[in-house]
Amino acid sequence: MNYTILENMKTLIYNLLSLSFKRCFYAMLFLASILSLSAQTQEKKIDELLPVRGLSVSAPSPEGVDDFLRFIEEELAPAHFNLLILLVGWNYAYETHPELCAENPLTQADVKRIVAVCRKYGIEIAPSINLLGHQSAEKTTGNLLRVYPEFDETPHLKTEDFSGYDWFNPDFFYCKSYCPLHPGVHKVIFDVVDELTDMFETSLFHAGMDEVTIIGDAHCPRCGGRDRAELFAGEVATIHNHLAQQGKRMMIWGDRLIDGKSTGFHPSESSMNNTHRAIDLIPKDVFVCDWHYGQAHQSPVYFAMKGLDVAICPCANVNVAMQELEDMLRFRERATTVLKPHFRGVITTIWSGNKAFLQGYYATGEASPESVVVKQLMGTYKKLNQQ
């Protein structure tokens, strides 16, 4: 609140003491309107500087909902976060496909509690399921391909033979993908996506689609020999169009849209199999989450110049995170009126799991690196909102 408004309020309060009851009543209404306008002006300050201030974290277990809601109310909301990407995956009690549910999933009642608290504080929710890639983890096949093995793009590659996260193995095998051209896959996917977005009462959905190393495999009778960029873009468009018909927006991680060979970015955060050309083929209203954890790359400029909305996404390195925040503020400050709206903000990412993150956040000893980043951003957002 600026000095002039504060002095005017002091004068107004002093004068109230000498007014009649009726005049005092109307004066108090006027005072309330000043306070409300001032609060709105303060909130708009950070909205203009950084429209999106997000956190991406896995969904809690049913037993962890209370702790997570406390974190939202006492920590996230007061620090002006306004977006929560909730990595749900199969950890929800789907009615459309109960065969895909993980053990001990979130219930409808759990979800509605999360929705209510986020709505109270103006926090949008983007529930997420990993689509296309990340259908396996280390030596374990994920629920989708375990229940529907016919959707597997590479059934000849066995997860039990997985040798570790080596990005340069002969098969380029990092994690399994489903076949985007299988005639039955989208019926299942759209059932759970629709159920999840409806239950969370949201118009946003995060489809993942990061680290897709297996696509257009030569052994696949449907995808073999096809252009990988066109396959990737086709899957983005298929999911996007389904969501758009319902007035919903698609979010994805941006790594497969960056050319790793020409940039020198690590193959985990860029494409080495030519999917990067899909950036010119996907719908322009897809929201890109551009994650870089070891160095503050300037790739948000690339996405914005392609006409895509983009948020930069740090993780556990506080120095990189703060540099990326500074970069995003600078991009918005110096961009043309055409490019500026595409620079949306910062979404910090948590990959340690919901419970582990909260334990690290509230630890009495040394905080976890992810928690350090989140706390640093929280403090900075509060300062930005007071400028």
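Since the structure is predicted, the reported quantities are computational estimates derived from the model, not experimental observations.

Caption draft 1: Expanded view of the side chain of Lys 176. One can find Lys 176 in the loop between helix 5 (143-147) and helix 6 (185-199). Exposure remark for Lys 176: the relative accessible area of 2% places this residue in the buried category. Within the local environment of Lys 176, its side chain forms a polar contact with the side chain of Asp 152, the two groups lying 2.9 Å apart. Within the structure, Lys 176 has its side chain in polar contact with the backbone oxygen of Thr 154 (distance 2.5 Å). Setting aside its immediate chain neighbours within four residues, Lys 176 contacts Leu 132, Gly 133, His 134, Gln 135, Ser 136, Leu 145, Asp 152, Thr 154, Pro 155, Leu 157, Thr 159 and Ile 214.

Caption draft 2: Quick look at the packing of helix 3 (residues 65-76) against helix 4 (residues 108-120). The N-to-C vectors of helix 3 and helix 4 enclose an angle of 5°; their axes lie 10 Å apart at closest approach. The angle between helix 3 and helix 4 places the two elements in the roughly parallel class. Along the contact surface, helix 3 presents Val 65, Asp 66, Leu 69, Ile 72 and Glu 73, while helix 4 presents Asp 110, Arg 113, Ile 114, Val 117, Cys 118 and Lys 120. Across the contact of helix 3 with helix 4, the residue classes tally to 6 nonpolar, no polar and 5 charged.

Caption draft 3: Local environment of helix 3. Within helix 3, burial applies to Val 65, Phe 68, Leu 69, Phe 71, Ile 72 and Leu 76. The arc that holds the buried residues of helix 3, viewed along the axis, is 155°, so those residues lie on one side. Residues of helix 3 that are buried make contact with strand 1 (52-58), strand 2 (83-87), helix 4, helix 11 (354-361) and helix 12 (369-384).

Definitions and cut-offs
- Residues numbered from 1 in each chain as written.
- Predicted model: local features only at pLDDT ≥ 70, side-chain atom pairs only at ≥ 80, totals over all residues.
- Heavy atoms only, no water.
- Helix = DSSP H or I, 4+ residues; strand = E, 2+ residues; numbered from the N terminus.
- Buried < 20%, exposed > 50% of the residue type's maximum accessible area, 1.4 Å probe, protein only.
- Polar contact = N/O pair within 3.5 Å; in protein donor to acceptor, adjacent residues only side chain to side chain.
- Contact = heavy atoms within 4.5 Å.
- Axes fitted to C-alpha atoms, helices over the stretch in contact; angles between N-to-C directions.
- Parallel < 35°, antiparallel > 145°, perpendicular 65-115°, else oblique.
- Nonpolar A, V, L, I, M, F, W, Y, C, P; charged D, E, K, R; others polar.
- Arc of directions from axis to C-beta.

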